[in-house]
Amino acid sequence: GTSPHPRDAVIVQAIRTPLCRARKGGLAQHPPATLLSTVLSGVLLKDPTQPASNDNFLLPPSAIQDICIGNVLSPPTSAVSFRMAALSANIPHTTSLSTTNRQCSSGLQAVANIAHAIRCGSINVGIGAGVESMSANPMHELYEKFPPEVDWDTMQNCENSQEVMDCLIPMGVTSENVAKKYQLDRVTLDTFAAKSHEKAANARALGKFKSEIIPVGNVTEDDGIRPSTTVDKLARLRPVFDKHNGTTTAGNSSQLTDGAAAILLMSREEANKRNIPILAVWKSFAVEGVPPKIMGVGPVYAIPSALQKACIGVEDVDVYEINEAFASQAYYSIETLKLDHAKVNPNGGGIALGHPLGCTGARMIVTLVNEMRRERKRLGVVSMCIGTGMGAAAVLEVEDVRSAL
């Protein structure tokens, strides 16, 4: 790895709302601003589960210099509603705010933007967050309401027209493309999906998520986890995208979900000066492009890139959080990188917990940091595939873990 530096971006708090099923779940009636305001106020606290009293603040809200919010589906007016959310969370108007959209990695990109601003000395303290209400802004209406703003003649007749038009392939079809190209069978995918629910159900039963969740109203727990899921039950579901030969079903794909997550970052120097305990250090970040028609393979390229930047090898990593957009691409990525399945998504992933698009990257950091600190693990990776053909990955380190040897 690399040695400590005063300008290292460090994580000092990380929390999330419960993740709830879109339209049917506990957060369906809460607009994105409410979800966001909840985590923005909570992430400033030493103990987010306790009320916001003066001695519970990690630092005064006025110390936050910038906030970046990852979001995919909200309309452009979200720039306004998110600013309202920050102000309603008692963060003063002197704290600036932006939104960012790198599709499924937006929550991770938001944290990266803040981490990079800290590393280059532009700011000392900031919040990276992600939010999505797939109840308020359903994905299936996206193209009907907002067709791509392109000249179709140009796009269909340019030299690279095949790849250009591949950007419009529905995500589920890209999942089928990965499954067919790499010969992944239905049982393999359903087994992977069932395991995600089993791991998440165990984690919830053991109370592992309690320390990372801040309630929204009376909603306190993730509600997409199905403890009774079995491979046999999943086998009854019909393929959605290729009805005759397909392997991708509602059961082995990520759920449509509502949620928000926020990460408080500062420079190492600032954390030391304020005497705030460092939870984890941001080590590296990478985004790599892949063919749009098999966008799900993104982690296969992003993870080695991020590891190389952090000067560490695949086997050095203790925990991987890899977004389960689809069992097909997640399983393929894990196998191709030859990762130890026991190290990947130990508490379940997007198939059981859900994938609130713009929130997911931030949510995974929250879950990863909690898991690493609880289990005394040193190195962790967050990674996901990205619609239109990309992969993103980040490496985090928990420094105060001494090896047991």
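As a starting point, this report considers the structure included with it.

Rules behind the numbers
Residues numbered from 1 in each chain as written. Predicted model: local features only at pLDDT ≥ 70, side-chain atom pairs only at ≥ 80, totals over all residues. Heavy atoms only, no water. Helix = DSSP H or I, 4+ residues; strand = E, 2+ residues; numbered from the N terminus. Buried < 20%, exposed > 50% of the residue type's maximum accessible area, 1.4 Å probe, protein only. Expected span 1.5 Å × (residues − 1). Polar contact = N/O pair within 3.5 Å; in protein donor to acceptor, adjacent residues only side chain to side chain. Core = buried A, V, L, I, M, F, W, Y, C linked by side-chain atoms within 4.5 Å. Contact = heavy atoms within 4.5 Å. Phe/Tyr/Trp six-rings, centres within 6.5 Å; stacked < 30°, edge-to-face > 60°. Lys NZ or Arg CZ within 6 Å of the ring centre and 35° of its normal. Salt bridge = Lys/Arg side-chain N within 4 Å of Asp/Glu carboxyl O.

## Quick notes on the environment of Gln-183
Argument step 1. Relative to the elements of secondary structure, Gln-183 occurs in the loop between helix 7 (171-181) and helix 8 (186-205).
Argument step 2. Given the relative accessible area of 69%, Gln-183 is considered exposed.
Argument step 3. Measuring from C-alpha to C-alpha, the distance between Gln-183 and Trp-152 comes to 34 Å, with 31 residues separating the pair along the chain.

## Describing unusual backbone geometry
Argument step 1. Of note in this structure, Asn-275 is not a glycine but carries a positive phi near 60 degrees.
Argument step 2. Structurally, the position occupied by Asn-275 is in the loop between helix 10 (268-274) and strand 7 (280-289).
Argument step 3. Phi at Asn-345 takes a positive value of approximately 45 degrees, unusual for a residue other than glycine.

## Some points on helix 8
Argument step 1. Along its 20 residues, helix 8 runs 29 Å from first to last C-alpha, staying within 8% of the 28 Å computed at 1.5 Å per residue.
Argument step 2. The opening residue of helix 8 is Asp-185, an N-cap whose side-chain oxygen sits 3.2 Å from the backbone nitrogen of Val-187.
Argument step 3. In the stretch just after helix 8, Gly-207 is the one whose phi turns positive, near 75 degrees.

## Remarks on the nonpolar core
Argument step 1. Formed by 47 residues in total, the largest nonpolar core has its most connected members in Ile-11, Leu-108, Ile-263, Leu-265, Trp-282 and Ile-365.
Argument step 2. With residues up to four places along the chain from it excluded, the contact list for Ile-263 reads Ile-11, Gln-13, Ala-14, Val-43, Val-111, Gly-126, Ile-127, Gly-128, Ala-362, Ile-365 and Val-366.
Argument step 3. Residues Leu-59, Met-266, Ala-271 and Val-281 belong to the second largest nonpolar core, which totals 37 residues.

## Some words on the environment of Gln-162
Argument step 1. With respect to the secondary-structure elements, Gln-162 resides in helix 6 (residues 161-166).
Argument step 2. Counting along the chain gives 130 residues from Gln-162 to Pro-292, while the straight-line C-alpha distance between them is 10.0 Å.

## Description of the packing of aromatic side chains
Describing an aromatic ring pair means giving the distance of the ring centres and the angle of the ring planes.
Argument step 1. For the coordinates displayed, the defined rule picks out 3 aromatic pairs.
Argument step 2. Look at Phe-192 and Tyr-331: their rings are 6.4 Å apart centre to centre, the planes differ by 80 degrees, and that puts the pair in the edge-to-face class. Residue Phe-192 is located in helix 8, and its partner Tyr-331 is located in helix 12 (residues 327-336); the two are separated by 139 residues in the primary sequence. Grouping residues by exposure puts Phe-192 and Tyr-331 together as buried.
Argument step 3. Both rings, one in Trp-282 and one in Phe-285, keep their centres 6.0 Å apart while their planes meet at 35 degrees; by these two values the pair is tilted.
Argument step 4. A relative accessible area of 3% means that Trp-282 is categorised as buried.
Argument step 5. We classify Phe-285 as buried; its relative accessible area is 12%.
Argument step 6. A cation over a ring is seen here: Arg-16 above Phe-209, with NZ or CZ 5.2 Å from the ring centre.

## Points about the pattern of salt bridges
Argument step 1. Summed over the entire model, instances satisfying the criterion amount to 20 salt bridges.
Argument step 2. Measuring nitrogen to oxygen at the nearest pair gives 3.8 Å for the salt bridge that ties Glu-375 to Lys-208. Of this pair, Glu-375 sits in the loop between helix 14 (357-374) and strand 9 (379-386) while Lys-208 sits in the loop between helix 8 and helix 9 (231-235), placing them 167 residues apart in sequence.
Argument step 3. For Lys-210, the salt bridge is made with Glu-221, and the minimal N-O distance between the two is 4.0 Å. Of the two residues, Lys-210 sits in the loop between helix 8 and helix 9 while Glu-221 sits in the loop between helix 8 and helix 9, which places them 11 residues apart along the sequence.
Argument step 4. Taking relative accessible area as the criterion, Lys-210 reaches 56% and is therefore assigned exposed.
Argument step 5. Salt bridges sharing common partners tie together Asp-8, Arg-119, Arg-268 and Glu-399.

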